[in-house]
Amino acid sequence: MKQILSLPNGLTARVVFFLTLALLPLGIIGVVQNQQLLEQVQTRSELSLLAMTEQAVSGEKEVILETFGAAQAIGGLIDFRNMDVDLCRDAVNAYLAKNPTFAFVGFTDVTGISACSTANRTLDFSSFPNFAASIESPRPMMTVNLDAPGSRQSVLIVTEPLFEGDTLIGFVSISLPVGDVGNKDDFLGNAEPELLITFNSVGDLLSSEQTREDANENLPKDILLSELVRESAETFVSENQLGEELIYTVVPITPGVVYALAAWNRSKIVAQAAPQYLNIGLPILMWLASLTVVWFVVDRFVIAGVRSLHAMMQRFADNRKLPTVRPPVTAPVELRQLHEGFSVLAESVLRDEAELENRVHEKSVLLKEVHHRVKNNLQIVSSIMNMQIRKAHMAETKQALRQVQDRIMGLSGVHRTLYQVENLNEVDAGRLIKQIVDQTQAMGNSTQKPTQITTDLARIRLFPDQAVPLSMLVAECLTNAVKYGGGRDPRVHITLEISEPGIARLEIENTKPQKERARDENSSGLGQQLIRAFGLQLNATTDIQETDETYRVIASFKIEEFRQEPLEY
């Protein structure tokens with residue numbers, strides 16, 4: 001099956017890879033859970049801030065709600081439309097005397113004229129900026145006037161519309177000193193925001209626990225107060241006018257009428273100060289810690305033992321040295337068993353190799369002894385033939401016996417060469433031919449001048465099955481060349497090379513004797529017959545070329561591939 005994933009090669013890398021796959025779902029679950037936890041903490045922090053804002057503005061909220069309630073009560077108790085002006089003034093002044101926190105109480109009709117008020121004079125509010133909007137959309141309102149004409153001070157004005165049926169008849173107004181609202185004690189607790197103000201639905205700053213200058217500096221940057229009008233409480237993060245990042249909370253005191261805005265320093269909020277980077281950093285840290293532990297365990301208890309075993313195997317492969325170092329006691333049982341198994345295997349291999357070497361040595365000795373005895377027997381046959389040559393009376397008989405004797409001596413030389421070869425399983429053909437050449441030169445020749453033999457031999461490994469016929473072919477060619485060669489400068493040149501992959505080429509070239517002599521001595525053609533016969537044994541393509549001056553034999557044969565011989569046990 002084709003492998004889809006290409007895994008790393010190292011054991012440690014693979015363990016790390018699969019461990020990462022195993023920890024990945026846990027890491028994802030951890031990140032999701034941490035994210036959910038942070039969201040819950042964030043939600044609780046926001047609720048906590050909103051609750052703290054409710055605590056901080058509880059005093060102002062109490063005053064504002066009491067004032068709206070008072071305006072509604074006055075509108076229900078006093079008949080501003082039908083009551084005499086003096087009586088009406090006495091009534092509102094009496095109400096003001098009972099509620100000294102108020103700075104002004106009065107009624108303004110739809111024309112903007114206020115005849116009944118604690119100012120005890122007629123006031124005209126028709127030119128005030130918010131009056132026309134109040135007539136068009138009558139609803140409870142709270143505004144600020146830093147120089148109120150009725151009380152001659154900075155006040156917050158609560159305006160409650162008054163109806164007869166569905167007809168608007170005017171507005172009941174109650175003024176509060178701005179300072180009394182901002183300095184009212186909180187009854188729900190003591191919270192200390194950086195900023196706490198109240199503002200109305202059109203974005204006018206009503207009251208502040210700080211000075212108006214400080215309050216303006218801590219207002220959110222690039223955000224108008226009118227944009228913060230919401231149906232419900234909320235939190236957001238923004239920079240103030242000085243560039244400091246604060247957390248802002250908006251709480252409705254009277255929805256649609258008055259709101260409270262508080263600003264909190266991030267560093268003082270515990271939930272916000274929590275390190276959010278741990279959401280992803282902690283799973284990554286746990287993953288790295290797991291990988292470190294796995295790497296240490298694998299490298300310490302597995303990789304180290306495997307490397308030690310590999311080193312012992314390498315030493316055994318290089319110099320057949322038995323392992324002497326034992327694994328430590330702290331090593332895993334499996335590695336100790338592997339070491340012991342390799343030690344037993346190494347000892348068994350050494351015993352088998354020693355036995356095989358002995359058998360190969362015995363085989364080589366026997367083969368060399370066979371070649372030595374064949375060489376001796378051939379020499380004995382040559383000596384017997386020499387005795388027959390001396391007893392023969394006819395020249396033709398002597399010549400024929402000498403030719404046979406020469407070939408027997410050539411065979412003897414080949415076996416002598418094979419006897420001297422160190423390794424009989426494979427033979428260096430170039431070296432074998434060189435030894436035959438040296439022996440031929442040592443024997444001398446029958447020509448008047450010594451024959452010069454040159455070689456160009458490549459190192460080619462052959463089986464004995466190919467080396468023997470090749471040696472016989474070379475010996476026959478050399479015997480003929482040395483014995484019958486001639487000319488002014490008798491010479492022989494032998495070439496052995498790789499003509500193409502897997503094909504060896506042997507070429508033996510020698511100078512020719514005088515024509516008359518060659519015709520007399522080589523009339524039988526036995527040499528060519530033997531050359532072709534040895535070529536057939538070699539499975540070679542033999543080509544004999546002859547010119548007026550040279551005689552050339554070319555043999556091309558395929559080099560048999562070496563095979564592993566079956567072991568003899």
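Residues numbered from 1 in each chain as written. Predicted model: local features only at pLDDT ≥ 70, side-chain atom pairs only at ≥ 80, totals over all residues. Heavy atoms only, no water.

Some thoughts on the pairing of strand β1 (residues 104-109)
- Across the 6 residues of β1, 5 count as buried, placing the element largely inside the fold.
- Sheet analysis places β1 next to strand β7 (residues 167-177), joined by 6 bridges and oriented antiparallel. Looking across to β7, one finds that Asp109 is bridged to Gly170.
- As paired elements, β1 and strand β3 (residues 116-117) share 2 bridges and run antiparallel to each other. Following the sheet pairing, Gly106 is matched in β3 by Ser117. (Buried < 20%, exposed > 50% of the residue type's maximum accessible area, 1.4 Å probe, protein only. Helix = DSSP H or I, 4+ residues; strand = E, 2+ residues; numbered from the N terminus. Pairing = 2+ DSSP bridges.)

Thoughts on a nonpolar patch on the surface
- The grouping of Val293, Trp295, Phe296, Val297 and Phe301 at the surface amounts to a nonpolar patch, some 480 Å² of accessible area in total.
- Within the secondary structure layout, Phe296 lies in helix α8 (residues 278-319). (Patch = residues over 30% accessible without salt bridge, like charges linked within 9 Å, V, L, I, M, F, W, Y side chains within 5 Å. Areas by Shrake-Rupley, 256 points an atom, 1.4 Å probe, with all protein chains shown as cover. Salt bridge = Lys/Arg side-chain N within 4 Å of Asp/Glu carboxyl O.)

Topic: the packing of aromatic side chains
- In the structure shown here, the tally under the stated rule is 7 aromatic pairs.
- With centroids separated by 6.4 Å and ring planes inclined at 15°, the aromatic side chains of Tyr95 and Phe102 adopt a geometry described as stacked.
- Given the relative accessible area of 9%, Phe102 is considered buried.
- Ring plane angle 85° and centroid distance 5.1 Å describe the contact between Phe125 and Phe128, whose orientation is recorded as edge-to-face.
- Phe125 gets classed as buried once you look at its relative accessible area, which sits at 14%. (Phe/Tyr/Trp six-rings, centres within 6.5 Å; stacked < 30°, edge-to-face > 60°.)

A closer look at the confidence of the model for the protein chain
- Summing up the model confidence of the protein chain, the mean pLDDT is 80 and the portion of residues at 70 or higher is 86%.
- Within the protein chain, strand β17 (residues 503-511) carries the highest mean pLDDT (91), whereas helix α7 (residues 270-273) carries the lowest (46).
- Low pLDDT, under 50, characterises residues 270-274; the stretch is placed with 6 contacts to residues that sit more than four places away or in other chains. (pLDDT = per-residue confidence, 0-100. Contact = heavy atoms within 4.5 Å.)

Regarding helix α14 (residues 526-537)
- Helix length check: α14, at 12 residues, gives a terminal C-alpha distance of 17 Å against a target of 16 Å (1.5 Å per residue), a fit within 8%.
- Listed in full, the buried residues belonging to α14 are Gly527, Ile531, Phe534 and Gly535. Viewed along the axis of α14, the buried residues span an arc of 105°, placing them on a single side of the element. Of the exposed residues in α14, the ones pointing more than 90 degrees away from its buried face are Gln529, Leu536 and Gln537.
- Trailing α14 by a residue or two, Asn539 shows a phi angle of about 55°, which is positive. (Expected span 1.5 Å × (residues − 1). Arc of directions from axis to C-beta.)

Points about the sheet that holds strand β6 (residues 155-164)
- The strand order across the open sheet formed by 5 strands is β3-β1-β7-β6-β5, and the pairing between neighbours is antiparallel. Edge strands, defined here as strands with exactly one partner in the open sheet, are β3 and β5 (141-145).
- Bridge count for β6 against β7 is 10 bridges, and the pairing is antiparallel. When the bridges of β7 are listed, Pro161 appears paired with Phe171.
- In this fold helix α2 (residues 58-77) packs onto β1, β5, β6 and β7, with an angle of close to 140° to the strand it touches most, β7. (Axes fitted to C-alpha atoms, helices over the stretch in contact; angles between N-to-C directions.)

Comments concerning the packing of helix α12 (residues 464-484) against α14
- At a closest axis distance of 8 Å, the pairing of α12 and α14 adopts a crossing angle of 160°. If you check the angle between α12 and α14, you find them roughly antiparallel. Along this stretch, α12 crosses α14, giving a crossing that reads as left-handed. For the pair α12 and α14, contact is made by Pro469, Met472, Leu473, Glu476, Cys477 and Asn480 and by Gly527, Leu530, Ile531, Phe534 and Gln537, respectively.
- Among the residues forming the contact of α12 with α14, the class breakdown is 7 nonpolar, 3 polar and 1 charged. (Parallel < 35°, antiparallel > 145°, perpendicular 65-115°, else oblique. Left-handed = near helix turned anticlockwise from the far one by under 90°. Nonpolar A, V, L, I, M, F, W, Y, C, P; charged D, E, K, R; others polar.)

So, the sheet that holds strand β9 (residues 205-208)
- Reading across from one edge, β9-β8-β12-β11-β10 is the order of the 5 strands in this open sheet, with antiparallel pairing throughout. Edge positions in the sheet fall to β9 and β10 (234-239), since each of these pairs with one other strand and no more. When the angles between neighbouring strand axes are averaged without regard to direction, this sheet yields 30°.
- Inspection of the sheet shows strand β8 (residues 195-200) paired to β9 by 3 bridges, in the antiparallel sense. Each bridged residue has a counterpart across the sheet, and for Phe199 the counterpart in β9 is Leu205.
- Packing against the sheet, helix α1 (residues 11-56) makes contact with β8, β10, β11 (245-254) and β12 (258-265), and its axis sits at approximately 60° to β11.
- The sheet contacts of α2 involve β8, β9, β11 and β12, and relative to β11 the element is tilted by about 25°.

Observations concerning unusual backbone geometry
- Phi at Asn120 is positive, roughly 60°, even though this residue is not glycine.
- Its place among the elements puts Asn120 in the loop between β3 and β4 (123-124).
- On the basis of relative accessible area, Asn120 is assigned to the partly exposed category, the value being 43%.
- We note that Asp222 has phi near 60°; this positive angle belongs to a residue other than glycine.

Section: the state of the cysteines
- On inspection of all chains with the given rule, the structure shows 1 disulfide.
- Linked covalently through their sulfurs, Cys88 and Cys116 form a disulfide whose S-S length is 1.8 Å. Between Cys88 and Cys116, the disulfide has an S-S torsion of -90° and is therefore left-handed. With Cys88 in helix α3 (residues 85-98) and Cys116 in strand β3, this pair connects stretches of sequence that are 28 residues apart. In this pair, the class of Cys88 matches that of Cys116, namely buried. (Disulfide = S-S within 2.5 Å.)

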